Amino acid sequence: MSTLEIGGSQLDAAWFLLLGGVLFAIGTVGVLVRRNPLVILISIELMLNAVNLTLIVFSRQLQNMEGQLFALMSMTVAAAEAVVGLAILVDIFHVRDVEDIDELSEMKG
Amino acid sequence: MAIVIFFIAAAMAVAGAVGVVSFREPIRSVLSLVVVMLALSILFLLLSAQFVFVVQIIVYAGAVMVLFLFVIALFGPTRRLAKTQLRFQSWLSALFVLALLGLIYSMLQGIQYRQPDKGTDLSAFGTVQSIAVGLFTTYLYPFELTSILLLVAAIGAIYLSRKKIDDL
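Quick caveat: nothing in here was measured; it's all calculated off a predicted structure.

Calculation criteria
Residues numbered from 1 in each chain as written. Chains lettered and ligands numbered in written order. Predicted model: local features only at pLDDT ≥ 70, side-chain atom pairs only at ≥ 80, totals over all residues. Helix = DSSP H or I, 4+ residues; strand = E, 2+ residues; numbered from the N terminus. Rg over C-alpha atoms; globule rule 2.2 N^0.38 Å. Buried ≥ 20, exposed ≤ 12 C-beta atoms within 10 Å, placed from the backbone. Contact = placed C-beta atoms within 7 Å. Pairing = 2+ DSSP bridges. Axes fitted to C-alpha atoms, helices over the stretch in contact; angles between N-to-C directions. Parallel < 35°, antiparallel > 145°, perpendicular 65-115°, else oblique. Left-handed = near helix turned anticlockwise from the far one by under 90°. Nonpolar A, V, L, I, M, F, W, Y, C, P; charged D, E, K, R; others polar. pLDDT = per-residue confidence, 0-100. Expected span 1.5 Å × (residues − 1).

A. Spatial organisation of the overall build of chain A. From N to C terminus, chain A includes three helices and two strands. Relative to its length of 109 residues, chain A is extended, with a C-alpha radius of gyration of 18 Å against a globular reference of 13 Å. Dimensions of chain A, computed from C-alpha atoms along their principal axes, come out at roughly 60 × 25 × 20 Å. Relative to its 109 residues, chain A shows a buried fraction of 46%. Contacts in chain A between residues at least 24 apart in sequence constitute 42% of all its contacts with a sequence separation of at least 6.

Structure follows, in structure tokens:
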């Protein structure tokens, strides 16, 4: 039931899902370990992409279009969130040169 | 053939993802993320999501990543490297992420795939028409809300990047 018929060959949906899980985990490593706020935002985008892959896989496996619509909405929300997050970061960077996320731990400034 | 494409795209995606979190300069992280997005769009095309494949390339890799590149171009390369870090932070996060991966893997083992819904033929799956039918009939309300969300985000970005006049 989890095999997908793609282009004549049989692929397993579990491989795609495992790839999505691995990408999500690597994005989590990026959010936890990196200090530069810009790289943290980029890692969050990586996690969102992994989730989109999972949505598309299930949409294909269930042959239901809702997964692809959900992925489109998720892409839109990710774009809006990237816009606002980067605008805030640009605002902070105008005041002081931040290279460590711990410098932003207080609201003042 | 499809298996070969899958493995090439998957290897590209994982290599790009490792590059995103490993490179020291943010510009290389952004470019690695573009590689990940291109690999994922190949996978989307493999999964019969033609419209999402094009949207991923045009909107995500072509607009959102260019936005990141503009911000990096505005601020130039990082001049100082971060010095403060918890001593055990890398090991602790590696541990947590391995636990997360184990959790995801065990969840994948327990998935009961249900039968596909009847009545959809794969020739019209993922085409623009089927996306439009869903987006403008059943999911019209989320579609309109998403456009309002984009409007709010654009207004917020314009407001946040306004020129502040100090002598008023």
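B. Structural context of the pairing of strand E2 (residues 9-12) of chain A. All names here are of chain A. Where strand E1 (residues 3-6) lies against E2, four bridges are found, and the strand directions are antiparallel. Counterpart to Leu 4 in the pairing with E2 is Leu 11. Connecting E1 to the antiparallel partner E2 that follows it, the hairpin turn spans two residues, and Gly 7 within it adopts a positive phi of roughly 60 degrees.

C. Representation of the packing of helix H1 (residues 13-33) of chain A against helix H2 (residues 37-62) of chain A in the model. Residue and element names in this part refer to chain A. Two numbers describe how H1 lies on H2: the axes approach to 8 Å, and their chain directions differ by 165 degrees. The pairing of H1 with H2 is recorded here as roughly antiparallel in orientation. Between H1 and H2 lies a crossing of left-handed hand. Contacts between H1 and H2 pair Ala 13, Phe 16, Leu 17, Leu 19, Gly 20, Leu 23, Phe 24, Ile 26, Gly 27, Thr 28, Gly 30 and Val 31 from the former with Val 39, Ile 40, Ser 43, Ile 44, Leu 46, Met 47, Asn 49, Ala 50, Leu 53, Thr 54, Val 57 and Gln 61 from the latter. Residue composition of the contact of H1 with H2, by class: 16 nonpolar, eight polar and no charged.

D. Spotlight on the confidence of the model for chain A. On average, residues of chain A score 89 in pLDDT, and 97% of them reach the 70 mark or higher. By mean pLDDT, the top-scoring element of chain A is H2(A) (94), and the lowest-scoring one is E1(A) (82).

E. Just helix H6 (residues 140-160) of chain B, in detail. Look at H6(B): 30 Å from first C-alpha to last across 21 residues, which is about the 30 Å you get at 1.5 Å a residue. Counted residue by residue, H6(B) has one buried out of 21 residues, so it is predominantly exposed.

F. Molecular detail of the interface of chain B and chain A. Every contact between the two is made by 72 residues of chain B and, on the other side, 67 residues of chain A. Going through the elements one at a time, helix H1 (2-22), helix H2 (26-46), helix H3 (50-75), helix H4 (89-109), helix H5 (128-138) and H6 of chain B are the ones with two or more residues in the side of chain B that touches chain A. Counting residues per element, the side of chain B that touches chain A draws most heavily on H3(B), which supplies 11 residues. Residues belonging to the side of chain B that touches chain A are distributed by class as follows: 54 nonpolar, 16 polar and two charged.

G. Spotlight on the environment of B:Ile3. Looking at the element boundaries, B:Ile3 is found in helix H1. Residue classification places B:Ile3 among the partly exposed residues on the basis of 15 C-beta atoms within 10 Å. For the pair B:Ile3 and B:Thr137, spaced 134 residues apart in sequence, the C-alpha separation works out to 36 Å. Ignoring anything within four residues of it in the chain, the contact list for B:Ile3 reads A:Ser9 and A:Leu11.

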